[in-house]
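# Tertiary structure, described
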Amino acid sequence: MSAPEKGERFHATFSTTGPWFSDAQHMGPPSALIMRAFERCAPGRPDAPPLQLARMTIEILGPVPAGEVTVRAWAERPGRTIEMLAAEMEAGGRTVLRARAWRLAITDTTEAAVGEAAPLPGPESAVLSTGRPEGWLPGYLDALEWRWLRKSSMGDTGPGTAWARLRVPVVEGEEPTPLQRLVAAADSANGVAAPLDLREWLFVNTELTVHLHRPPRGEWAGIDAATVIGPTGTGTVSATLFDLDGQVGRITQELTVRPR
């Protein structure tokens, strides 16, 4: 199926700007907006039973400006039990994000459930982060409450474990869904596991892939992340994602790494 001609238009606020560049958004808010579009996307087949989002990949084609964006989503491969969705975000006359998602049938597998990681200690056990590390710009980082179980801030290098929750809505006047909250925070995995000093290095993700084994619940997102930097200018981030009830899935990010 082809993409719809029109989409929804939004204007980014200061709360979306990232720690790297003052005129560009952190990818957490645009990723959450893509999740909102997927959640609202009509089934490709009218006879389809209830489906659930299970895997989402967002490809970053360029910086997302801190201004007006347009988002659209559609069923690219309709199906009754397995369906692929597609979405795009445009800004300034160009496509800045492309995304795909698998939406799968809901069945009762409670008796077969196995393999979840042990739950994280709750946010009440974590250290509240105050302020920003030196050299990190304001905006998105201030729009979330951060509580640390391993490390104490984004500025510390090495693997990290943190809880995060939004202080502002994804869309003004709307209560964010648990999935929107989770993805808004999860795109910060490369910051939670910051491998290098941001004042000296850029380590920007070129994509975000989220795998879920159940829908997230609540307003808190737990991120247990680690980064590997290779010898040729690329790196990978992997993280396990949690809500207050336990593990909900995993994410990966591919990084481009270079000196500032």
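Whatever comes next refers back to the structure up there.
For clarity, every value in this text was computed on a predicted model and none was experimentally measured.

Bringing the overall build of the protein chain into the picture now. A count of helical and extended segments in the protein chain gives 3 helices and 13 strands. Its C-alpha radius of gyration of 18 Å places the protein chain within 12% of the 18 Å reference for a compact globule of 260 residues. Oriented by its inertia axes, the alpha-carbon framework of the protein chain measures out at about 55 × 50 × 40 Å. Pairs at least 24 residues apart make up 68% of the contacts formed inside the protein chain by residues separated by at least 6 positions. Here the protein chain has roughly 12,300 Å² of accessible surface; of this, 53% comes from carbon and sulfur atoms. The centroid of the 26 positive side-chain charges in the protein chain is displaced by 2 Å from the centroid of its 31 negative side-chain charges.

What follows covers the pairing of strand 13 (residues 246-259). The pairing of strand 9 (residues 201-205) with strand 13 spans 5 bridges and is antiparallel. Along strand 13, the bridge assignment pairs Phe203 with Val257. Alignment of strand 10 (residues 207-212) against strand 13, held across 4 bridges, turns out to be antiparallel. The partner of Val210 across the bridge, within strand 13, is Ile251. Bridge count between strand 12 (residues 234-243) and strand 13: 10 bridges; the pairing is antiparallel. The residue of strand 13 that forms the bridge with Phe242 is Gln247. Connecting the antiparallel pair strand 12 and strand 13 is a turn made up of 2 residues.

Inspection of the secondary structure assignment puts Trp163 in strand 8 (residues 160-166). Considered as a pair, Trp163 and Leu149 are 14 residues apart in the sequence and their alpha carbons are 7.7 Å apart.

Applying the stated criterion to the full structure yields 1 aromatic pair. Between Trp146 and Trp148, the aromatic rings sit 6.4 Å apart at their centres with planes inclined by 25°, giving stacked as the arrangement. Taken as a pair, Trp146 and Trp148 share a single burial class, namely buried.

Below, the discussion takes up the side chain of Asn190. Residue placement: Asn190 occurs in helix 3 (residues 189-192). In terms of polar contacts, Asn190 uses its side chain to reach the backbone carbonyl oxygen of Phe203, at 3.2 Å. Excluding residues within four positions of it along the chain, Asn190 makes contact with Trp20, Pro195, Phe203, Asn205, Val237, Gln253 and Leu255.

Moving on: the environment of Arg45. Within the secondary structure, Arg45 is located in the loop between helix 1 (28-40) and strand 2 (51-60). Linking Arg45 and Thr107, residues 62 residues apart in sequence, is a C-alpha distance of 18 Å. When residues no more than four places from it in sequence are discounted, the contact partners of Arg45 are Pro78, Gly79, Arg80 and Glu83.

Within the secondary structure, His26 sits in the loop between strand 1 (8-11) and helix 1. The class for His26 is buried, based on a relative accessible area of 9%. Through-space distance from the C-alpha of His26 to that of Tyr140 is 6.5 Å; in sequence the pair is 114 residues apart. Filtering out sequence-adjacent residues up to four positions away, His26 remains in contact with Thr16, Thr17, Gly18, Pro19, Tyr140, Asp187 and Ser188. Of the polar contacts made by the side chain of His26, one reaches the backbone nitrogen of Gly28; its length is 2.8 Å. A distance of 3.4 Å separates the side chain of His26 from the side chain of Ser188, its partner in a polar contact.

Rules and cut-offs
Each chain has its residues counted from 1, following the order in which its sequence is written. Thresholds applied to this predicted model are a pLDDT of at least 70 for local features of residues and 80 or more for the giving and counting of side-chain atom pairs; totals over whole chains, interfaces and linings are not thresholded and use all residues. Water and hydrogen atoms play no part in the side-chain values, which are based on all heavy atoms of the structure. Note on conventions: DSSP H or I runs of at least 4 residues are helices, E runs of at least 2 residues are strands, and numbering of each starts at the N terminus. Computation of the radius of gyration draws on C-alpha atoms, with the globule rule given as 2.2 Å multiplied by the number of residues to the power 0.38. By definition, residues are in contact when any of their heavy atoms lie within 4.5 Å. What sets the accessible areas is the Shrake-Rupley method with a 1.4 Å probe; for residues, cover comes only from the shown protein chains. For the charge count, each Lys or Arg is scored as positive and each Asp or Glu as negative, with His and the chain ends excluded. Here the site of a charge means atom NZ of a Lys, CZ of an Arg, CG of an Asp or CD of a Glu. We treat two strands as partners when DSSP finds at least two bridges between them. Note on ring pairs: Phe, Tyr and Trp rings are taken, using the six-membered ring of Trp, and paired if centres are within 6.5 Å. Classes follow the plane angle, with under 30 degrees stacked, over 60 edge-to-face and the rest tilted. Using a 1.4 Å probe on the protein chains alone, a residue whose accessible area is under 20% of its type maximum counts as buried, one over 50% counts as exposed, and one in between counts as partly exposed. Counted as a polar contact is a pair of N or O atoms within 3.5 Å, where, for protein atoms, one must be capable of donating a hydrogen and the other of accepting one, and residues adjacent in sequence contribute only when both atoms are in side chains.

Geometric values such as these leave the question of function open.
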